[in-house]
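As a plain string of letters, each chain reads:
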Amino acid sequence: MQAPSGQMTGPALRALLQDGALTGEWVLDPRKSTIRLKTKSLGVIPVNGDFRDVSGHGTVSADGEVTGTLVVASASIETGVSKRDTHLRSAEIFDSGNHPHFTFTVDAVRPSGQDITVTGELTVRGRTKPLSFDAATTAAGPGEVCLDAQVRLNRADFGVRWKGDGLVSRTNTLIIHAVFTRR
């Protein structure tokens, strides 16, 4: 069975996982994928950035188990303000020199209602925390699956604090559009 195109519901994804239609190796297409950071400065001013260097891969086993890794280069953040980008990459925030990557390791993907729940561990600045979030999946065509999610994080959980901490929201949102193609 080939993955259909269009939005997949939880039951449709469950069927594809169970009948082996998604079995195999999958690789993130960095040209089609985006990871955006959204936060607020001074409580009201939106700050948006794009991570320009992302990679990843995943495996779907014959029994429908999903594992994988998503890697984001911390220094690849671009907000459109070079001074802010330099500060974000500095030891005070992302510490890109010592921690060049954020890594999300996927332990499981489970259908849940109309969507899926992704469970794993996120490592930022050397700190690893469990993370679970809901996502929507779309089969964009034969051999291509998209995952879209908005993930809210507290940056303090990962040691991202600085002297101007009260000026920027601790809650940040990652907007993920990940496109995987069959290897």
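Attention in this report is confined to the structure presented alongside it. A quick note: this is a predicted structure, and the numbers were derived from the prediction, not measured. (Residues numbered from 1 in each chain as written. Predicted model: local features only at pLDDT ≥ 70, side-chain atom pairs only at ≥ 80, totals over all residues. Heavy atoms only, no water.)

### Points about the overall build of the protein
So, point 1. Counting its regular elements, the protein contains two helices and twelve strands.
So, point 2. Ordered by position from the N terminus, the helices and strands of the protein form the series β-α-β-β-β-β-β-β-α-β-β-β-β-β.
So, point 3. A burial count over the protein gives 44% of its 183 residues as buried.
So, point 4. Long-range pairs, those at least 24 residues apart, make up 55% of the contacts in the protein between residues at least 6 apart in sequence.
So, point 5. A total accessible area of about 9,400 Å² is found for the protein, and carbon and sulfur atoms account for 53% of it. (Helix = DSSP H or I, 4+ residues; strand = E, 2+ residues; numbered from the N terminus. Buried < 20%, exposed > 50% of the residue type's maximum accessible area, 1.4 Å probe, protein only. Contact = heavy atoms within 4.5 Å. Areas by Shrake-Rupley, 256 points an atom, 1.4 Å probe, with all protein chains shown as cover.)

### Observations regarding the nonpolar core
So, point 1. Phe51 and Val118 are the most contacted members of the largest nonpolar core, which has 40 residues in total.
So, point 2. With five residues, the single largest contributor to this core is strand E11 (residues 144-154). (Core = buried A, V, L, I, M, F, W, Y, C linked by side-chain atoms within 4.5 Å.)

### As for the pattern of salt bridges
So, point 1. Throughout the structure, instances matching the rule amount to six salt bridges.
So, point 2. Here glutamate 144 ties to lysine 32 by a salt bridge, and the two come within 2.7 Å at their closest N and O atoms. You can see glutamate 144 sitting in strand E11 and its partner lysine 32 sitting in the loop between strand E2 (24-28) and strand E3 (34-41), a full 112 residues away along the chain.
So, point 3. Its relative accessible area of 15% is what places glutamate 144 among the buried residues. (Salt bridge = Lys/Arg side-chain N within 4 Å of Asp/Glu carboxyl O.)

### Points about the environment of phenylalanine 180
So, point 1. Inspection of the secondary structure assignment puts phenylalanine 180 in strand E12 (residues 171-182).
So, point 2. Residue classification places phenylalanine 180 among the buried positions, given a relative accessible area of 19%.
So, point 3. Sequence-wise, phenylalanine 180 and histidine 57 are 123 residues apart; in three dimensions their C-alpha atoms are separated by 7.7 Å.
So, point 4. Among residues more than four places away in sequence, those in contact with phenylalanine 180 are Trp26, Val27, Leu28, His57, Gly143, Glu144 and Val145.

### Side note on the packing of aromatic side chains
So, point 1. On inspection of all chains with the given rule, the structure shows four aromatic pairs.
So, point 2. Arranged with centres 6.0 Å apart and planes meeting at 40°, the rings of phenylalanine 51 and phenylalanine 94 form a pair that is tilted. In this pair, phenylalanine 51 is assigned in strand E4 (residues 45-51) and phenylalanine 94 in the loop between helix H2 (82-89) and strand E8 (101-112), connecting sequence segments 43 residues apart. Residue phenylalanine 51 shares its accessibility class with phenylalanine 94, and that shared class is buried.
So, point 3. For the ring pair phenylalanine 94 and phenylalanine 102, a centre distance of 5.1 Å and an interplane angle of 80° mean the geometry is edge-to-face. (Phe/Tyr/Trp six-rings, centres within 6.5 Å; stacked < 30°, edge-to-face > 60°.)

### A closer look at the pairing of strand E10 (residues 127-141)
So, point 1. Inspection of the sheet shows strand E9 (residues 115-124) paired to E10 by nine bridges, in the antiparallel sense. The partner of isoleucine 116 across the bridge, within E10, is alanine 135.
So, point 2. Counted between consecutive antiparallel strands, the loop separating E9 from E10 contains two residues, among which arginine 125 sits at a positive phi close to 55°.
So, point 3. Two elements, E10 and E11, share five bridges in a ladder whose sense is antiparallel. The residue of E11 that forms the bridge with threonine 137 is leucine 147.
So, point 4. The hairpin turn running from E10 into E11, its antiparallel successor, is two residues long, and glycine 143 in that turn takes a positive phi close to 75°. (Pairing = 2+ DSSP bridges.)

### As for the environment of lysine 129
So, point 1. Its location among the elements puts lysine 129 in strand E10.
So, point 2. On the basis of relative accessible area, lysine 129 is assigned to the partly exposed category, the value being 33%.
So, point 3. A sequence separation of 29 residues divides lysine 129 from phenylalanine 158, and the C-alpha atoms of the two residues are 7.9 Å apart.
So, point 4. For lysine 129, the contacting residues outside a window of four places in its chain are Gly120, Glu121, Leu122, Asp157 and Phe158.

### Considering the pairing of E9
So, point 1. Sheet topology note: the E8/E9 ladder contains nine bridges and is antiparallel. Bridge pairing links arginine 110 to threonine 117 in E9.

These values are about where atoms sit, not about what they do.
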